[in-house]
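# Structural features, examined
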Amino acid sequence: MNTNLALLLLLAPFLGFLFNIFFGKSMGKTASGVLGTLMVAVSFAVTLYFFGQINVAKTPIQIQLFDWIQINGFKVDFGFLLDQLSILWLLFVTGIGSLIHLYSISYMHDDENMHKFFAYLNLFIFFMITLVIGSNLLVLFIGWEGVGLCSYLLIGFWHKNQDFNDAAKKAFIMNRIGDLGLLIGIFILGSMFSTLDYATLKTAIAGTADLDLGLLSLAAFCLFIGACGKSAQIPLYTWLPDAMAGPTPVSALIHAATMVTAGIFMITRLNFIFDLAPDVQNIIAIVGAVTSLVAATIALVQTDIKKVLAYSTVSQLGLMFLALGLGAYEVAVFHVITHAFFKACLFLGSGSVIHALHGEQDMRNMGGLKKVMGITFITFLISSLAISGIPPFSGFFSKDEILMVAFEHNIVLWVIASLASLMTAFYMFRLLYLTFFNEFRGTAEQKSHLHESPALITFPLIVLAILAAIGGLISFPTNSWLSGYLAPLFSVVATEEHHFGTQEYMLMAIAVIGGLVGIGIAFNKYIKQNQVPTADAEIDGFAKVLYNKYYVDEVYDAIFVKTTNNISLFFRDYVETALSSIVFGFGKVTNEIGYQGKKIQTGSIGFYLFVFVLGLCAILTYLFIAQ
C-alpha cells in the first residue's frame, strides 16, 4: 500500500501535466486550472497521510521500485525514502504549491496559454517531489535537473519578450555551473563508497576506519557549489533577481518554497558528510553571511516590488546557509519553513497589487492601496512583520535561533547577520509604506480601476498570513517540536536546547530592537517625511552602486560573457576558417586529380591497348628485377 501511495504522491502532478499539455486547450482555462490544482492537492493529501504514519511510528519508509544500475560492485536502486526530512519538505512543497495553483486560476485567467502554465507548474511539482523523496543522490539529481528545466520554462513563459527569454537562459546556464559541481561531488562519493544511497553512505562513512577526509571534504565542497547555484548564493546568485521576469505565481513557487530550498535540503540530507568537513562548513557559513548582507544592501534601494522581494529571498537564503555552516541544520530547516510561509504570502501579495494595477511593478507609481485592498494589505503587513523578526510572528523565532547560534560560534558572523536583519526590517517596511500608505501616485486611469483582488487570490493570502503568524510555534524556544522531530536525522547534536538566561534574553532584545529601529527609520522617511525614491537618472553616489547591484552583472558580462563571445568569434573567424581551408583543400586536390585524370579517357581502343601493354611490361620488368 505504501508503494502505491508513494507512486500516487509522485505521479499525480505528472498526470496533471500530461492532461494539460495534451488536452488543456480543449478543456478550457478554468478546467485546466482546477485539474492542475487538484493533482497537487492529491499529493498534499498523501503527504499528510505519510506524515501521520511517520510521526507515530518514528521510522522511515524505504521503497525500492527496481534495480537501476549495477556495474562492478557499484549499485544504485531507483527508490524512495520517506522520512522526517522528506515528509516535512513535502508538506510545504505540496501544501503551498496547492495554494499557488489555486491563486493562479484567477491570476492567469486572461492568458491564452493558461493550460501550458498549469502543465509546467505540475511538472515542476513532480520534479520537486522526485528531488525530495529520492533514496539516493542519482534520483535527487533527476529532480534537481528537472526543476531547473521547469524554471527555464516558467521564467520565460511570456517568451514574446526577449528580456524574459534572456532571464530564463541566465537562470538555466548559471544553474548548470552549480550542477557541474554537484555532479563532481556525486562522482567522488560514488568512487569512494560504490554507492549513492543515503543510508548506505552514512553506514559506510561511519564504518570506515581509514577514511580519506581530504577527498570527502572535496566532495562536500563540490556539493556545496551545486547548492550555491540552486539556492542563489555568492557568486551564483545573480540569476534569481532576473527570474522575476516570470509570472508572479512562479516567483512565489520557485523562490519561496521549492527550488531555491533544494540546496538547503541536499546539505541537510547529507549532514553526516558535512560534519566531517569542518573547513567546508566554515566556507558555507561565511558565504551565507556575506550573501545575506550583500543582498540586503541591494534591496535597500530597489524600486521594483518584485526585485525587493527577490533580493530579500537571496538574503534569507544566506541566513539559512549561515545556520548550515554552523552545523545547526534543524535551525536552517526551521527558517526554510517560516520563510516559505511569509515569502510566499509576500510574493502573492505583490502579485495581487500588480494585478490591481494592470502590470505596474514600480513602487514609485503606487501608494494609498490599503484603502481599497484591505485584505492584501493586512496579509502583507503580517508577513512583513514576520520577515522582520518581530514577535510573536514566525520569522522572529526562526531568525532569533540563527542569530543565537551565530553568536555562540562567531561574533563577526553574528554582527553581519544582525545587520542584514536590521536592513530586512527597513526595506520590507519601505516597500509596505511606498505601496500601501499615503496617496496614490499612479495614473488617473489606474486609480479608477483600483480594487481588491478576487477570492481565489485573497484566500491563499489569508491562509499563508495565518501560517506566517503562528508558524513559529513548531519550534518554540523552550519546547521545540521540530528539533525533536528531526533529531533522528542528525549524527551530531549541533545545538542544545536553550536554557534562557540573561544572554539569551539580551540577544532576543537586540534582535527585536534592531527590527524596530529598521521599521522606525522607514516610517520616518516614507510616512512622516513622505519621501519617494528618485527617478533612475537622479540616483547618485553609493545608492547608485547599490541600485546597480554592485555592477556584478556588468563584471560577469565583461569577464565571462564577452570573453566567451570573443573566444567564440576567434574560433569562428580564424580557427574554423583555417580548418575549413584544410578540409576543402583536400576536396579541391581530389577534384583537380579527377579533372586531370578524365583527360586520359579519350575513347580510343588503340591507346587503351598501348597503355595496357606498357603496364604489363612494367610489371614483368619488376618481377624479373625483384628475382
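A short tour of the structure in this document, coming up.

Procedures and definitions
Residues numbered from 1 in each chain as written. Predicted model: local features only at pLDDT ≥ 70, side-chain atom pairs only at ≥ 80, totals over all residues. Heavy atoms only, no water. Phe/Tyr/Trp six-rings, centres within 6.5 Å; stacked < 30°, edge-to-face > 60°. Helix = DSSP H or I, 4+ residues; strand = E, 2+ residues; numbered from the N terminus. Buried < 20%, exposed > 50% of the residue type's maximum accessible area, 1.4 Å probe, protein only. Core = buried A, V, L, I, M, F, W, Y, C linked by side-chain atoms within 4.5 Å. Patch = residues over 30% accessible without salt bridge, like charges linked within 9 Å, V, L, I, M, F, W, Y side chains within 5 Å. Areas by Shrake-Rupley, 256 points an atom, 1.4 Å probe, with all protein chains shown as cover. Salt bridge = Lys/Arg side-chain N within 4 Å of Asp/Glu carboxyl O. Pairing = 2+ DSSP bridges.

How two aromatic rings sit relative to each other is given by the distance of their centres and the angle of their planes. Inspection of the entire model under this criterion finds 36 aromatic pairs. Between F426 and Y526, the ring centres sit 6.2 Å apart and the planes meet at 45 degrees, which makes this aromatic pair tilted. Of the two residues, F426 sits in helix 18 (residues 411-436) while Y526 sits in helix 22 (residues 502-528), which places them 100 residues apart along the sequence. Looking at F426, the relative accessible area reads 11%, which means it is buried. For Y526, a relative accessible area of 5% puts it in the buried group. Considering the side-chain rings of F542 and Y550, the 6.3 Å spacing of their centres and the 65 degrees angle between planes classify their relative orientation as edge-to-face. Accessibility expressed as a relative area gives 53% for F542, which makes it exposed.

L82, W89, I267 and F274 are the most contacted members of the largest nonpolar core, which totals 211 residues. In terms of residue count, the dominant contributor to this core is helix 15 (residues 329-356) (18 residues).

Moving on to a nonpolar patch on the surface. On the surface, a nonpolar cluster with roughly 880 Å² of combined accessible area is contributed by F612, V613, L616, I619, L620, Y622, L623 and F624. For L620, the position within the fold is in helix 25 (residues 605-626).

Time to look at the pattern of salt bridges. Summed over the entire model, instances satisfying the criterion amount to 13 salt bridges. A salt bridge links R176 to E145, with the shortest nitrogen-to-oxygen separation between them at 3.4 Å. A residue pair is termed long-range when its members are at least 10 positions apart, and R176 in helix 6 (residues 162-193) and E145 in helix 5 (residues 137-155) qualify at 31 residues. Relative accessible area serves as the criterion here: at 23%, R176 is assigned to the partly exposed category. The partner of R364 in a salt bridge is D362, and the shortest N-O contact between them spans 2.8 Å. Both residues of the pair, R364 and D362, count as buried. Sharing partners across several salt bridges, the network here consists of D67, K75 and D77.

This paragraph deals with the pairing of strand 1 (residues 61-71). Pairing geometry for strand 1 and strand 2 (residues 74-82), over nine bridges, is antiparallel. Bridge pairing links Q62 to L81 in strand 2. Linking strand 1 back to strand 2 in an antiparallel pair, the connection comprises two residues, with N72 at a positive phi of about 45 degrees.

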